[in-house]
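# Inside the fold
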Amino acid sequence: MSFDTLLFGTAGVPNATQRKNSPVDGVQKIHELGLDCMQLEFAHGVRMKEEVSSALRKVSYELNVPLTSHGPYYINLNAREQDKIDSSVERIIQTAKISDLCGAESMTFHAAFYMKDSPYDVFDLVEKSMNVIEERLSRLDIEIELRPELTGKTSQFGSLEELISLTKSVMSCKPCLDFSHLFARTGEVNDYDGFMETLTRVERELGRAALDEMHIHISGISSNSKGDLKHLNLDQSKFNWRDLLKALKDKSCKGYVICNSPNLEKDAVMLKEFFGTLQ
Ligand SMILES: [Zn+2]
């Protein structure tokens, strides 16, 4: 997919949707709200009836609301037991299959926990699994961007550096840049210069294409010293979303911006409206 600009949408069906368990209704609500895209959340399992996925594909195409997806939380490519690694691989493949049926071209997931292992060892293991996943998806003829998420807890694999390295070594891999997580994880990167620096680095390491087809997450966030995260609405959080949008604008970034504040569409609309005022 090629983009003209940033597309704004919600992580899951908007709260104002009457049937909150209907992603098809969710896409219609996104359209009504004047938003641009929607992320399918498979946080608690990857199940969807075939008629739902084909209906989703249709409504997404007709209303011009492209979809992204988010895999289950219980994925850990660095699990202690091999069978847990295997089932994590299966969950990612299952998410890819259903996303593909729905017409989504970009999927994100939390790849692994360090489990107190050395980040280098964890990287090798994640890389190995990603190659297996890529190979199996290509045999299934499924073309989808695999985007490990920039995670917010220091116990989770998914720093900016790790995602950049993984993108360089695995062909279908790209980063899902969660800027709220980046802020929580590092305790910094929360002003215009910090955001510009991050984007410049991504561009330098991964090429201009990385800014032309982004998959971004934004929400309000708070974190404590134990690394516990809480997603908040933007106006309750210190996260400097205005500066982030200015930096994204000045770098002419394009792609998906998925809002996962608790109030979902309210913040998504606020982000889109503010972005629209920038010159
Ligand atoms: Zn996530």
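Everything discussed here concerns the structure shown above.
Scope of this entry: the structure provided in the associated data block. (Residues numbered from 1 in each chain as written. Predicted model: local features only at pLDDT ≥ 70, side-chain atom pairs only at ≥ 80, totals over all residues. Heavy atoms only, no water.)

## Some thoughts on helix α1 (residues 23-32)
Here α1 lies mainly inside the structure; seven of its ten residues are buried. The set of residues buried in α1 consists of P23, V24, D25, G26, V27, K29 and I30. Against β1 (6-11), β2 (37-41), α2 (50-62) and β3 (67-70) lie the buried residues of α1. Among the residues trailing α1, G34 stands out with phi positive, at a value near 80 degrees. (Buried < 20%, exposed > 50% of the residue type's maximum accessible area, 1.4 Å probe, protein only. Helix = DSSP H or I, 4+ residues; strand = E, 2+ residues; numbered from the N terminus. Contact = heavy atoms within 4.5 Å.)

## Describing the packing of aromatic side chains
As enumerated under the stated definition, the model contains seven aromatic pairs in all. Look at F3 and Y256: their rings are 4.9 Å apart centre to centre, the planes differ by 85 degrees, and that puts the pair in the edge-to-face class. Placement of F3 in the segment before β1 and of Y256 in strand β10 (residues 255-259) is noted, with a sequence separation of 253 residues between them. Plain terms: the ring middles of W241 and F274 are 5.5 Å apart, the flat faces sit at 75 degrees to each other, and that makes the pair edge-to-face. On the criterion of sequence distance, the pair formed by W241 in helix α9 (residues 241-250) and F274 in helix α10 (residues 265-277) is long-range, its members being 33 residues apart. An identical accessibility class is assigned to W241 and F274; each is buried. Through a chain of ring-to-ring contacts, three or more aromatic side chains come together here, namely F179, F183, F195 and F239. (Phe/Tyr/Trp six-rings, centres within 6.5 Å; stacked < 30°, edge-to-face > 60°.)

## A word on the coordination of the zinc ion
Protein ligation of the zinc ion involves H70 (NE2), H110 (NE2), E149 (OE) and E149 (OE), the donor distances falling in the range 2.1 to 2.5 Å. In this structure, the zinc ion is coordinated by four donor atoms arranged in irregular fashion, with angles at the metal of 54 to 145 degrees. The motif formed by the donor residues of the zinc ion, counted along the single chain, is H-x39-H-x38-E. Here H70, found in strand β3, pairs with E149, found in the loop between β5 (145-148) and α5 (160-169); they are 79 residues apart in sequence, far enough to count as distant. With relative accessibility at 3%, the residue E149 sits in the buried group. (Donors = N, O, S within 2.8 Å, 3.2 Å for Na, K, Ca; no water. Tetrahedral: all angles 85-135°; square planar, octahedral: opposite > 155°, others 65-115°.)

## Brief notes about the side chain of H217
With respect to the element layout, H217 can be found in strand β7 (residues 214-218). What makes H217 buried here is its relative accessible area of 0%. A distance of 3.2 Å separates a polar atom in the side chain of H217 from a polar atom in the side chain of Q39. One polar contact links H217 to D178, side chain to side chain, over a distance of 3.5 Å. Apart from the residues lying within four places of it in its own chain, the contact partners of H217 are Q39, H70, T108, E149, C176, L177, D178, F179, S180, I258 and N260. (Polar contact = N/O pair within 3.5 Å; in protein donor to acceptor, adjacent residues only side chain to side chain.)

## Points about the pattern of salt bridges
It is possible for side chains of opposite charge to pair when their charged atoms get near one another. This structure, assessed with the given rule, holds 18 salt bridges. In this structure, the salt-bridge partner of E213 is K174, at a minimum N-O distance of 2.4 Å. Of the two residues, E213 sits in the loop between α8 (209-212) and β7 while K174 sits in the loop between α5 and β6 (177-178), which places them 39 residues apart along the sequence. Take K174: its relative accessible area is 22%, and that puts it in the partly exposed class. Between D212 and R208 there is a salt bridge, with its nearest N and O atoms 3.0 Å apart. Because the salt bridges share partners, they merge into one network encompassing E203, R208, D212, K251 and K254. (Salt bridge = Lys/Arg side-chain N within 4 Å of Asp/Glu carboxyl O.)

## Details of the packing of α1 against α2
Two elements in contact, α1 and α2, have axes separated by 9 Å at closest approach and are oriented at 10 degrees. Here α1 is positioned roughly parallel relative to α2, judged by the angle of their axes. Between α1 and α2, the residues in contact are P23, V24, V27 and Q28 and V52, A55, L56, V59 and S60, respectively. Partitioned by chemical class, the residues of the contact of α1 with α2 number seven nonpolar, two polar and no charged. (Axes fitted to C-alpha atoms, helices over the stretch in contact; angles between N-to-C directions. Parallel < 35°, antiparallel > 145°, perpendicular 65-115°, else oblique. Nonpolar A, V, L, I, M, F, W, Y, C, P; charged D, E, K, R; others polar.)

## Topic: the environment of D36
Within the element layout of this structure, D36 appears in the loop between α1 and β2. Assessed through its relative accessible area of 14%, D36 is described here as buried. A C-alpha to C-alpha distance of 31 Å links D36 and R136, two positions 100 residues apart in sequence. Setting aside residues no more than four positions away along its own chain, D36 makes contact with L6, L7, F8, I30, N64, V65, P66 and K272. In terms of polar contacts, D36 uses its side chain to reach the backbone amide nitrogen of F8, at 2.8 Å.

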